[in-house]
Amino acid sequence: MGSIARHFLGWDGPAVERAAGWLKEHHGSDLSGFVIALPGARAGRLLVERLQAIQPADWQPPRIVTTGRLTDEFLHLERPSAARLVRTLSWEHALRGLGPKELNALVATAPGDDERGAWRRLASEVRGVFATLSAEGLDFAAVSEKAMASRSSGEQRRWRALAKAQVAAEAYLAEAGLCDPHRGRLEALQRGDFTGPERKVVLVGVVDAIGLVRQLVEALASAGTDIGALIFAPEDCGNTFDSMGCLKPHAWLGRSWAPPPETWRIAMGPDDQSLQTIRSIGRFEGKYSAEQITVGVPDREVAPILERSFLEQGIFARDAEGTELGNTPPVRLLSGVAAFLSRGRFADLAGLVRHPDVETYLCEGLDLKGLSCAEVFDVYHGEHLPGPTPGPWLRTLDRRNVRHSDLAQQLGEAVQEWLAPLGGRPRPLSGWAAVVRDVLGAVYGARVFDSDRPDERLLQAGLRGLAEPLNRLAELPSAADPQVDAAEALEILLSEIAAERVPPRAASAAEPAIELLGWLELAMDEAPVLVLTGFNEGILPEAVQGDGWLPDSLRSELGLPDDKGRLARDLYTLEWIVNSREEVVLISGRRTLDGDPLRPSRLAFYGTKQETLERVRHFLAMDETATSDEVTPLGARELLMPSTLTEPEAWSASAFSRYLGSPYIFCLEKLAGLRTLDDRDQEMGPLLFGSVGHEVLHQFGQSDLAESADPEAIADFLSKTLTSVCSKYFGRAPLPAVRLQSRQLAYRLDLF
């Protein structure tokens, strides 16, 4: 019979170092029979590095997994797991099969049969709720039976409808020879179908485990597996952890502890949080190297500002969360293609050709006379204010822009030719994978990459990140391969990679680098100095409530993670962090980037009544107009203006207005003769409005009616001429505002 043994390692030092030392002391150098689970992948990498540093050269490493992957390590599924996309499709199929009354129990208004995107969004939402329940060993039927007795009839109908949809979704996957991985794990656990249960398990800092992991650990212990739980807290905190080493929420919520007030700084917006971070580091006066300092960024709004601020100091801020795959050039390209195909607007076409890689590709086959694609389309937009993609392309009425009109048509036709493979009738979703590869290959196929350039690194990462999702599309089983058009296929592909990220680049050998880490990675980080930004309510702790499907009261009743559990976890984590670091700085912002007010984190107020009062005063005391300037950031750089720029001798009213709006842009205009050219106008400006009216009156003056005294004949001529002129300017489908303006002009001409 196995057991779960708790081991308290204290929290007054680096957690990974203590865990590595404990493993070596108690289990020596042969750890090949161990599976070690940690809260995150980064903590696992740090543990391996620390073990390599203290173990002999011939040591045998353990199997390192994250807590969430522990079930996959030990449970054997009878059927292959269905990919997320296939599971979404299974729920879409199941929801479409419900009756009207059952659908009304789920949503106020069910999507129409042809609203495939709306069905897929609803299916994705339901899939997420099911995954949350399955991770705790529950399903829709269990909730309907277990927690609905005391709830409203509307909620009871909702969960009965979901339970019925679950049966259909599982049958859909079974027909494809697949299973939902969450359900497959639970069934394997119930069967006792384990893989290698003789291995030993060590849980390192796992204080918040999902229900399925807890059930697995208990089942393994019952099956004879030895399990150890390393807890980073003093021995006298033993009654605040359960037998598996996880937190007892009520015990931590009842503790009286708050961070020391001298560690807490108050800033204004994200910019000021960034400045406070750099000044806090400056106060250490070089005692710590960049590699010994970590900055916590639970609020993602602050991260890019911190990156720029550290760059101005000559320091590389390495954001461990990386870059969203959706922000890489190839994925942005596909996003632009999807928008253009689904809406067919000129604005989407113009946005697509602004993509640098698309412009490079198009310019290889076109001679744009030294103009950029954006400039060609901006001139066309300024003259014609097109709504949908022109068909046919309109000719310019300004002789100076004849060349632009021809180039715009050539450019538009080149894009249509490039995207021609994406046209045609709907086909199986799997069939679009090869077409998308061909479209991307036309742009990137002959390109030679330079991995040393940051933009090239992201480009390559984007192409690599698309490879696997495209393979999954191509390999969809026939039973789960719906008929879709190209725009919908791209939307499905983009939704599949929405959560994917590209890892940050590694720092070079001589480059000072500071890590930017998320909240859950901070406790296991080894840096002796931590500056935590975003110490605000709603961020720390992050709210769990607000889910219409699983409100906090239902979560608590079902034993799901709820606000109390999240608060207890973050209280423990903060106390662990403060006790394990040499220096800690906590920074709370008063406002978001948009100026919305923020509250300080409630984690700051869990001390005694007197400590709570002191911290309230501390937060309210700061003068919002003042910013501490005790330490000037090192190496701060100012924007240098060219010495050749001289002040204008005479200022026009418009020039003075532009200068007040942006002195920097005003200087660029004066130095380089730059002018503003864009496609933001959605209606006729005064000049274009006047030009249309002038053209109508000009044609009237040249007509036989110029000397007429018949008002009805003149009005009829002006009305028909206005229609003709507007058709030449704006085509058959002008923008709504342009239609309204043409009616206003018709009214004026009628008065004339």
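First, a word on what this report is: a plain description of the structure on this page. (Residues numbered from 1 in each chain as written. Predicted model: local features only at pLDDT ≥ 70, side-chain atom pairs only at ≥ 80, totals over all residues. Heavy atoms only, no water.)

**Considerations on the pairing of strand β4 (residues 200–204)**
Piece 1. Counting buried positions over the 5 residues of β4 gives 4, a clear majority of the element.
Piece 2. Sheet topology places strand β2 (residues 34–38) next to β4; 4 bridges connect them, and they run parallel. Residue pairing in the sheet places Phe 34 in a bridge with Lys 200 of β4.
Piece 3. The pairing of β4 with strand β5 (residues 227–231) spans 4 bridges and is parallel. Bridging across to β5, Val 201 finds its partner in Ile 227.
Piece 4. With helix α10 (residues 211–222) bridging β4 and its parallel neighbour β5, the resulting β-α-β unit is right-handed. (Buried < 20%, exposed > 50% of the residue type's maximum accessible area, 1.4 Å probe, protein only. Helix = DSSP H or I, 4+ residues; strand = E, 2+ residues; numbered from the N terminus. Pairing = 2+ DSSP bridges. Right-handed = clockwise from strand over helix to strand, strands pointing away.)

**Comments concerning the state of the cysteines**
Piece 1. Tallied over the entire structure, the rule returns 0 disulfides.
Piece 2. No disulfide involves Cys 373; its nearest neighbouring cysteine sulfur is the one of Cys 363, lying 4.1 Å away.
Piece 3. For Cys 373, a relative accessible area of 0% gives the class buried. (Disulfide = S-S within 2.5 Å.)

**Re the nonpolar core**
Piece 1. Counting 64 residues, the largest nonpolar core has Leu 333, Leu 334, Phe 377, Trp 418 and Leu 419 as its most contacted members.
Piece 2. The biggest single contributor to this core is helix α19 (residues 432–444), with 8 residues.
Piece 3. Excluding residues within four positions of it along the chain, Trp 418 makes contact with Leu 333, Val 337, Leu 352, Val 358, Tyr 361, Val 439, Ala 442 and Val 443.
Piece 4. In this structure, Leu 38, Val 207, Leu 517 and Leu 532 belong to the second largest nonpolar core, which totals 54 residues. (Core = buried A, V, L, I, M, F, W, Y, C linked by side-chain atoms within 4.5 Å. Contact = heavy atoms within 4.5 Å.)

**Some thoughts on the pairing of strand β3 (residues 63–66)**
Piece 1. Strand direction decides the pairing type here: β2 and β3, joined by 4 bridges, are parallel. Considered in β3, the bridge of Val 35 is made with Arg 63.
Piece 2. At this point the chain moves from β2, through helix α2 (residues 41–54), to the parallel β3, and the crossover so formed is right-handed.

**A few points about the sheet that holds β5**
Piece 1. In space, the 5 strands of this open sheet follow the order β1-β5-β4-β2-β3, with parallel pairing throughout. The strands lining the two open edges of the sheet, one partner per strand, are β1 (4–8) and β3. This sheet shows a mean twist of 20° between the axes of neighbouring strands, independent of strand direction.
Piece 2. Against the sheet, α10 touches β1, β4 and β5, its axis set at about 135° to β5. (Axes fitted to C-alpha atoms, helices over the stretch in contact; angles between N-to-C directions.)

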